[in-house]
Amino acid sequence: MTTKTKYIFVTGGVTSSLGKGIIAASLAKLLQAQGYRTTIQKLDPYINVDPGTLNPYEHGECYVTDDGAETDLDLGHYERFLNVPTSQANNVTTGRIYQSVIDKERRGEFLGKTVQVIPHITDEIKNRIQILGNSGDYDIVITEIGGTVGDIESLPYVEAVRQLKWELGENNALVIHLTLVPFLSAAGELKTKPTQHSVKTLMESGVQADVLVCRTEHELPEDLRDKLARFCNVTKESVIQSIDASTIYDVPNLMLEQGLDTIVLKKLDLESNVPNLDQWNAFLQRHKNPVSEVTIGLIGKYVELQDSYKSILEAFIHAGAENEVKVNVESVHSEYLNGDNAKAMLSHLDGVLVAPGFGERGIEGKIDAVRYVRENNIPFLGICLGMQMAVIEFSRNVLGLEDANSTEMNPETKHPVINLMEEQKNITDKGGTMRLGAWDCEIIKDSIVDGVYNSKIIDERHRHRYEFNSAYKQQIEEKGMLATGLNPETGLVEIIEITNHPWFVGVQYHPEYKSTVANPHPLFVAFVKAAQQHNKKK
Ligand code: GLN
């Protein structure tokens, strides 16, 4: 199709949380649906080398790629929309940029020169943007610049965009600026001034926005579009409204109606066709017209924050649509759950998912939740820490190993049924040192997961330091909790399930990272199906 990769930069103004990631993913979907090989990259202006060391309270979920990068959760949206895996190259932070420039300086690569923000940091940013384009794998690279224009930490990125846009030349790069058009209820009016100021702030750095995407709670009237076009040096057709949607999966169609893809392709001098969204719309159709309903409990310690379990919530949306069932996810705070109130809090649920996590807070509640669902035949899915809690619960209450624990929570436990992996024992650095990314897993025949995956070898993404302690495998299996997925090289236990239970599965990996609109994750699909069956029996 195209010979030269074209670049689209997405910047944000006025306020954060306008949904740049969803706009970038929606535009990418429309371009992909016209046959353009498209990828999205996120540049984050903070100094952490990656978000792996950030608390979910600060940054929401940490998303993990096949190649083991710990990344911003927007990469999850990119994968869910495009169904194309992302990698380390798709998320770059200021910390990583500086780290590589400083490493080069120490190696003597700039010998004799003063190392400066311009050109050294900006060159590194430009290189990182072009890595994906130069791979030859993509016709279009969309680069989302995190943060808000005008922030001190965004400046080098905006400068890199200015230089690159100039170097790439006309029709090869463009800037989409996302802003807010607020509605002032006292005045009864939508206001354009914040957008005007934001576009000017961008111009102070020498960057002219080519397209404006305006987040709004109300339709933008024609005269207001005229006004924005006039004040912001863009054509009227380049003023696109992004009105609040009931689901993020509506945004590609909303952008299509507004002609975002057409205007972008025109400016990039690329042919514009009708995007084929058949599969996408079939998903939306199923998502919006469920024939039944289930309620699944999500047991975690960050339940008050939507973003902390983003990929899990999205995986339920995909699996729900696949089963034509509405999945209500009920958040249950593990710190407030115990053996006495478990029945009151869980008995009405059709399924229970015990969430991943780190540290001791809330784990006893998770263990009590596992006990309740195990004893009461409620479908269960345990992810990572959730799987580890299931092993601890089984060891304590079925094997009678009272003190059983993970050495993460109690290093002195007499029964370390979950313990540190051998290769983790000498690691002291916290950043980027876990077992990360895609690993193979061999499925044991005639298990629940054998029916779920229909494949002998699967690969799934990991992010943890602790593992099932194989010294306890035999005892645990004898009592009916089976290891049904093993890493073929190391023998590490990746999946456990219980035989005399309708549906009880724990996985050491994170299936939620691989669930997409086009490919709902089979484990979530099967779990939702089991919840449906439980619901029918009630
Ligand atoms: N804290 C556990 C470990 O490191 C589980 C991690 C997780 O749930 N992602 O092994």
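Quick notes on the rules
- What you see as residue numbers is a count from 1 along each chain, following the sequence as written.
- Thresholds applied to this predicted model are a pLDDT of at least 70 for local features of residues and 80 or more for the giving and counting of side-chain atom pairs; totals over whole chains, interfaces and linings are not thresholded and use all residues.
- Remark: hydrogens and water are excluded; side-chain values derive from all non-hydrogen atoms of the structure.
- Only protein chains enter the accessibility calculation, which uses a 1.4 Å probe; a residue is then buried when its area is under 20% of its type maximum, exposed when over 50%, and partly exposed in between.
- Runs of E in the DSSP output that reach at least two residues are strands. Runs of H or I that reach at least four are helices, and both are numbered from the N terminus.
- Pairing between strands is defined by DSSP: at least two bridges between them are needed.
- Looking down the strands as they point away from the viewer, one classifies a crossover as right-handed if the path from the first strand across the helix to the second runs clockwise.
- Each polar contact in these results corresponds to two N or O atoms within 3.5 Å; when the atoms are within protein, one needs to be able to donate a hydrogen and the other to accept it, and residues that are neighboring in sequence are counted only if both atoms are side-chain atoms.
- Two residues form a contact once any of their heavy atoms are found within 4.5 Å.
- What makes a residue near a molecule or strand is one non-hydrogen atom of that residue sitting within 4 Å of it.
- Only the protein chains shown count as cover for residues, and the accessible areas themselves come from Shrake-Rupley with a 1.4 Å probe.
- In this count, Pro and Cys sit with the nonpolar residues alongside Ala, Val, Leu, Ile, Met, Phe, Trp and Tyr, while Asp, Glu, Lys and Arg are called charged and the others, Gly among them, polar.

### Considerations on the pairing of strand β14 (residues 351-354)
Neither face of β14 is exposed, since G351 and L353 on one face and V352 and V354 on the opposite face are all buried. Here strand β12 (residues 292-300) runs beside β14; their pairing, made up of four bridges, is parallel. From the neighbouring strand, I296 faces β14, where its bridge partner is G351. Note that β14 and strand β15 (residues 380-383) share three bridges and pair parallel. Pairing of V352 across the sheet is with F380, part of β15. A crossover connection joins β14 to the parallel β15 through helix α14 (residues 363-375); in handedness this β-α-β unit is right-handed.

### Here's the deal with the side chain of N487
Inspection of the secondary structure assignment puts N487 in the loop between β21 (481-486) and β22 (493-498). A residue is classified by how much of its surface remains accessible, and N487, at 2% relative accessible area, is buried. Side chain to side chain, N487 and T490 meet in a polar contact 2.9 Å long. Beyond its immediate stretch of four places on either side in the chain, N487 contacts R435, W439, D440, L492 and E494.

### Some thoughts on unusual backbone geometry
Along the chain, I118 connects to P119 via a cis peptide bond; the corresponding omega equals 15 degrees. Here P119 lies in helix α5 (residues 117-134). In this model, N83 sits at a positive phi of 60 degrees, which is unusual for a non-glycine residue. Overall, the relative accessible area of 33% leaves N83 in the partly exposed class. Positive phi values are uncommon outside glycine, yet E324 reaches one of about 55 degrees. Structurally, E324 is set in the loop between α12 (310-323) and β13 (325-333).

### Some details on the site of the ligand
Taken together, the residues surrounding the ligand are P356, G357, F358, C384, L385, Q388, E408, R463, H464, R465, Y466 and H510. At 2.9 Å from an oxygen atom of the ligand is found a main-chain nitrogen or oxygen belonging to Y466. A distance of 3.2 Å separates a nitrogen atom of the ligand from a polar side-chain atom of H510. Protein burial of the ligand: of its 290 Å² of free accessible surface, 99% is covered by the chains. Residue assignment for the shell around the ligand shows that the elements contributing at least two residues are α15 (385-397) and β19 (457-464). In the shell around the ligand, the residues fall into five nonpolar, four polar and three charged.

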